[in-house]
Amino acid sequence: MSVLGVVGGSGLYDLPELEDVRETWLDTPWGRPSAQIVRGRLGDMEVAFLARHGRGHIFNPTDVPYRANVYALRSIGVTHMLSISAVGSLQLDHEPGSAVVPDQIIDRTSMHRSRTFFDNGVVAHVGLADPFCQAFRETIVDIGQTTIGSVHNGGTYVVVEGPQFSTRAESQLHRSWGASIVGMTAMPEARLAREAGLCYAMLAMVTDYDVWHESEEDVSVEIVRQVLHRNVEHGQNVVRALASRGLPDCLSRCGSTMDGAMISDLAVVAPEALDRVALLLKTRR
């Protein structure tokens, strides 16, 4: 059975229609996730919500426990992971208030974010040429065009370290690459979702024009806050529509991404290292 995991800001799980609601703290080999996982049922669909930055937004982008978040969702049976994120626009026609469902990522994070489950004695190499599940992406685009209105299909998300916003030179550099949006959390989240065999897609809500637009106000926390409430409403509507439609069948084999990816000889891998990743080595069909 397909299970939807939604990672985003607090409030997404405040759905009056959500039934059988329970909150659970989960322990993982990488510690606890950012917050309690809120689980419930919308119609016939199981849904799990997780506040990426914790309740009250207590984790900055570098310190989000990405591995614990993704592992916890996988451990409770999540098959499709929807990231709902606030981003800055790098293109004139990607106006604040619109949404982007990106299809590519450029990772410019510079500090140590744990990027893989496979380290400290066990090594695997997964493919990441297309970091988002195509069928899931297309479903989010289709739903977004109905529930939100202005949705851009595709585009490259540049991930910066933060927590500071970009300099003008950086913003212009990212534009020169043809990138569409800039944010701080898509990596390593997308990398880990791929290793965990999850169908991963993103609904990126544009809050501002970063700092490149000469006639628009530079991005600030206050500007971002003004859009966050609307983001929650849009996210709730997308989740409702997904529950009505159902999650798509994966055509990209996301659930079998670990097939052939392990390069370590499991006969010599320490038992404790193998135990950490045993769940991820089980193919999710």
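For the structure given in this document, a descriptive report is provided here. Just so we're clear, the structure is a prediction, and the values are computed from it rather than from any experiment.

**Thoughts on the overall build of the protein**
Item 1. Counting its secondary structure elements, the protein contains six helices and 11 strands.
Item 2. Here the C-alpha atoms of the protein give a radius of gyration of 18 Å, agreeing with the 19 Å that 2.2 N^0.38 yields for 285 residues.
Item 3. In terms of its C-alpha atoms, the protein occupies a principal-axis envelope of roughly 60 × 45 × 35 Å.
Item 4. Each of the 285 residues in the protein was classed as buried or not, and the buried ones make up 55%.

**What to know about the layout of surface pockets**
Item 1. Considering only enclosed or pocket space, the second largest pocket measures out at about 250 Å³ in volume.
Item 2. In terms of lining, the second largest pocket is formed by 15 residues, of which the most central are Gly127, Asp130, Phe132, Arg194 and Ser252.
Item 3. Across the lining of the second largest pocket, the residue classes break down as five nonpolar, five polar and five charged.

**Overview of empty space enclosed by the protein**
Item 1. Using the criterion set out here, one finds one cavity of 30 Å³ or more in the structure.
Item 2. In this structure, the largest cavity spans a volume of roughly 40 Å³.
Item 3. Gly255, Thr257, Met258, Leu280 and Lys282 are the residues nearest the centre of the largest cavity, which is lined by 10 residues in total.
Item 4. Across the lining of the largest cavity, the residue classes tally to three nonpolar, five polar and two charged.

**A word on the pattern of salt bridges**
Item 1. Throughout the structure, instances matching the rule amount to 13 salt bridges.
Item 2. Residues Asp27 and Arg32 are paired through a salt bridge, measuring 3.2 Å at the closest nitrogen-oxygen approach.
Item 3. A relative accessible area of 62% means that Asp27 is categorised as exposed.
Item 4. The closest approach of N and O atoms between Arg253 and Asp259, which form a salt bridge, is 3.8 Å.
Item 5. Taken together, the shared-partner salt bridges in this structure form one network comprising Asp20, Arg22, Arg41 and Glu46.

**A look at the packing of aromatic side chains**
Item 1. Enumeration over the complete set of coordinates arrives at six aromatic pairs.
Item 2. Here the aromatic rings of Tyr209 and Trp212 are separated by 5.5 Å at their centres, their planes lie at 85°, and the arrangement is edge-to-face. The exposure classification of Tyr209 matches that of Trp212, with both residues buried.
Item 3. By the ring-pair criterion, three or more aromatic residues cluster together here, those being Trp30, Tyr71 and Phe117.
Item 4. Just above the ring of Trp212 sits the side chain of Arg175; from NZ or CZ to the centre is 3.7 Å.

**Quick notes on the packing of helix H1 (residues 66-75) against helix H4 (residues 186-195)**
Item 1. As a packed pair, H1 and H4 sit with axes 9 Å apart at the nearest point and diverge in direction by 35°. The crossing of H1 and H4 is right-handed. Residues Tyr66, Arg67 and Val70 of H1 pack against Met187, Pro188, Glu189, Leu192 and Ala193 of H4.
Item 2. Among the residues forming the contact of H1 with H4, the class breakdown is six nonpolar, no polar and two charged.

**Concerning the pairing of strand S11 (residues 199-208)**
Item 1. Most of S11 sits out of view: 10 of its 10 residues are buried.
Item 2. The pairing of strand S5 (residues 80-89) with S11 spans nine bridges and is classified as parallel. Residue pairing across strands places Ser83 opposite Met202, the latter belonging to S11.

**Quick word on the nonpolar core**
Item 1. Counting residues in each nonpolar core, the largest one holds 47 residues, and the members touching the most others are Ile37, Met81, Phe117 and Phe118.
Item 2. Looking at this core, the elements with two or more residues in it are strand S1 (3-8), strand S4 (45-51), H1, S5, strand S9 (156-160), H4, S11 and helix H6 (271-277).
Item 3. With six residues, H1 is the single largest residue contributor to this core.
Item 4. Ignoring sequence-local partners within four residues, the contact set of Phe118 consists of Val123, Ala124, Glu195, Met258, Met262, Val277, Leu280 and Leu281.
Item 5. Counting 33 residues, the second largest nonpolar core, distinct from the first, contains Ala99, Val141, Ile143 and Ala201.

**Observations regarding the environment of Gly97**
Item 1. With respect to the helices and strands, Gly97 occurs in the loop between S5 and strand S6 (99-101).
Item 2. Along the backbone, Gly97 and Met258 are 161 residues apart, and their C-alpha atoms lie at a distance of 37 Å.
Item 3. In this structure, Gly97 is in contact with Met205, Val206 and Arg230, ignoring residues within four places of it in sequence.

**Observations concerning the environment of Val238**
Item 1. Secondary-structure assignment places Val238 in helix H5 (residues 221-245).
Item 2. In this structure the C-alpha to C-alpha distance between Val238 and Val141, which are 97 residues apart in sequence, comes to 9.9 Å.
Item 3. Here Val238 is in contact with Leu82, Ile140, Ile143, Thr147, Ile148 and Leu203, once residues within four sequence places are set aside.

Thresholds, definitions, all that
- Residues numbered from 1 in each chain as written.
- Predicted model: local features only at pLDDT ≥ 70, side-chain atom pairs only at ≥ 80, totals over all residues.
- Heavy atoms only, no water.
- Helix = DSSP H or I, 4+ residues; strand = E, 2+ residues; numbered from the N terminus.
- Rg over C-alpha atoms; globule rule 2.2 N^0.38 Å.
- Buried < 20%, exposed > 50% of the residue type's maximum accessible area, 1.4 Å probe, protein only.
- 1 Å grid on protein atoms, 1.4 Å probe; cavity = no way out; pocket = protein on both sides within 12 Å on 5 of 7 lines; lining within 4 Å.
- Points joined across faces, edges and corners; volume = space filled by probe spheres on them.
- Nonpolar A, V, L, I, M, F, W, Y, C, P; charged D, E, K, R; others polar.
- Salt bridge = Lys/Arg side-chain N within 4 Å of Asp/Glu carboxyl O.
- Phe/Tyr/Trp six-rings, centres within 6.5 Å; stacked < 30°, edge-to-face > 60°.
- Lys NZ or Arg CZ within 6 Å of the ring centre and 35° of its normal.
- Axes fitted to C-alpha atoms, helices over the stretch in contact; angles between N-to-C directions.
- Left-handed = near helix turned anticlockwise from the far one by under 90°.
- Contact = heavy atoms within 4.5 Å.
- Pairing = 2+ DSSP bridges.
- Core = buried A, V, L, I, M, F, W, Y, C linked by side-chain atoms within 4.5 Å.

Purely geometric numbers; function is a separate question.
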